[in-house]
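Here is how the chains run, residue by residue.
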Amino acid sequence: MTKLLEWLCGVSTLGAVWALVTFDLLDLSLPQTYREVAWPMPLYLLVSFGCYSLATVGFRVATFNDCEEAAKELQEQIKEAKEDLRKKGLKM
């Protein structure tokens, strides 16, 4: 099962449960407070997911590893390319 199918299965399950509770499709005779809490639940989940995503991206950016050797190697390759182009007559 791919990750997309896992997410779609989870979201559809949550959506079905939300619809059952909110619209009382099975005549469960739940208290009105349950419906009042369940009605804005998708918005709460969306805001929570957004906060989690923002925190995850922020943490990953803050702890991003510097690759000193790769930077030096890239600078050397740039110098070599510039020298090669100068030999071929390109002025920079």
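Residues numbered from 1 in each chain as written. Predicted model: local features only at pLDDT ≥ 70, side-chain atom pairs only at ≥ 80, totals over all residues. Heavy atoms only, no water.

- The protein chain appears in an unreviewed UniProt entry as Dolichol-phosphate mannosyltransferase subunit 3 from Monopterus albus.
- Checking UniProt for the protein chain, the heading Subcellular location (unreviewed entry) contains the comment "Endoplasmic reticulum membrane".
- Entered under Pathway (unreviewed entry) in the UniProt record, the comment concerning the protein chain runs "Protein modification; protein glycosylation." (UniProt positions renumbered as here; feature names shortened; annotations may be inferred.)

Some words on the overall build of the protein chain
Stage number 1. Within the protein chain, the regular secondary structure consists of four helices and zero strands.
Stage number 2. Counting from the amino terminus, helix and strand elements in the protein chain follow one another as α-α-α-α.
Stage number 3. For 92 residues, the compact-globule estimate of 2.2 N^0.38 gives 12 Å, and the protein chain exceeds it by more than 25% at 27 Å.
Stage number 4. Here the C-alpha coordinates of the protein chain stretch approximately 85 × 25 × 25 Å along the principal axes.
Stage number 5. Carbon and sulfur atoms form 67% of the exposed surface of the protein chain, whose accessible area is close to 8400 Å².
Stage number 6. Across the protein chain, the centroid of the 10 positively charged side chains sits 13 Å from that of the 12 negatively charged ones. (Helix = DSSP H or I, 4+ residues; strand = E, 2+ residues; numbered from the N terminus. Rg over C-alpha atoms; globule rule 2.2 N^0.38 Å. Areas by Shrake-Rupley, 256 points an atom, 1.4 Å probe, with all protein chains shown as cover. Lys, Arg positive; Asp, Glu negative; His and termini not counted. Charge placed at Lys NZ, Arg CZ, Asp CG, Glu CD.)

Brief notes about the packing of aromatic side chains
Stage number 1. Per the counting criterion, the structure on display carries four aromatic pairs.
Stage number 2. With a centroid separation of 5.8 Å and 80° between ring planes, the pair formed by W18 and F23 is classed as edge-to-face.
Stage number 3. Here the aromatic cluster, defined as three or more aromatic residues joined through ring pairs, consists of W18, F23 and W39. (Phe/Tyr/Trp six-rings, centres within 6.5 Å; stacked < 30°, edge-to-face > 60°.)

Concerning the UniProt feature "coiled-coil region" (unreviewed entry) in the protein chain
Stage number 1. Residues given the UniProt feature "coiled-coil region" (unreviewed entry) here are residues 64–91.
Stage number 2. Note that residues 64–91 is 71% helix and 0% strand, and that its end C-alpha atoms are spaced 37 Å apart.

Thoughts on a nonpolar patch on the surface
Stage number 1. A surface patch of nonpolar side chains, amounting to about 480 Å² of accessible area, comprises L14, V37, M41, Y44 and L45.
Stage number 2. Looking at which element gives the most residues to the nonpolar patch, the answer is helix α3 (residues 41–62), with three residues.
Stage number 3. Under the relative-accessibility criterion, M41 is labelled partly exposed at 30%. (Patch = residues over 30% accessible without salt bridge, like charges linked within 9 Å, V, L, I, M, F, W, Y side chains within 5 Å. Salt bridge = Lys/Arg side-chain N within 4 Å of Asp/Glu carboxyl O. Buried < 20%, exposed > 50% of the residue type's maximum accessible area, 1.4 Å probe, protein only.)

Here's the deal with helix α1 (residues 3–23)
Stage number 1. Between its first and last C-alpha atoms α1 spans 30 Å; for 21 residues at 1.5 Å apiece the expected length is 30 Å, and the two agree.
Stage number 2. Count one or two residues on from α1 and you reach D24, which has phi positive near 50°. (Expected span 1.5 Å × (residues − 1).)

Thoughts on unusual backbone geometry
A negative phi angle characterises most non-glycine residues, just as the trans form characterises most peptide bonds.
Stage number 1. Positive phi, close to 50°, is recorded for D24, a residue that is not glycine.
Stage number 2. Classification of D24 by relative accessible area gives buried; the value is 17%.

Examining the domain arrangement of the protein chain
Stage number 1. Segmenting the protein chain into domains produces domain 1 (1–30) and domain 2 (40–91).
Stage number 2. For domain 1 versus domain 2, the distance between C-alpha centres works out to 38 Å. (Domains from an automatic or database assignment.)

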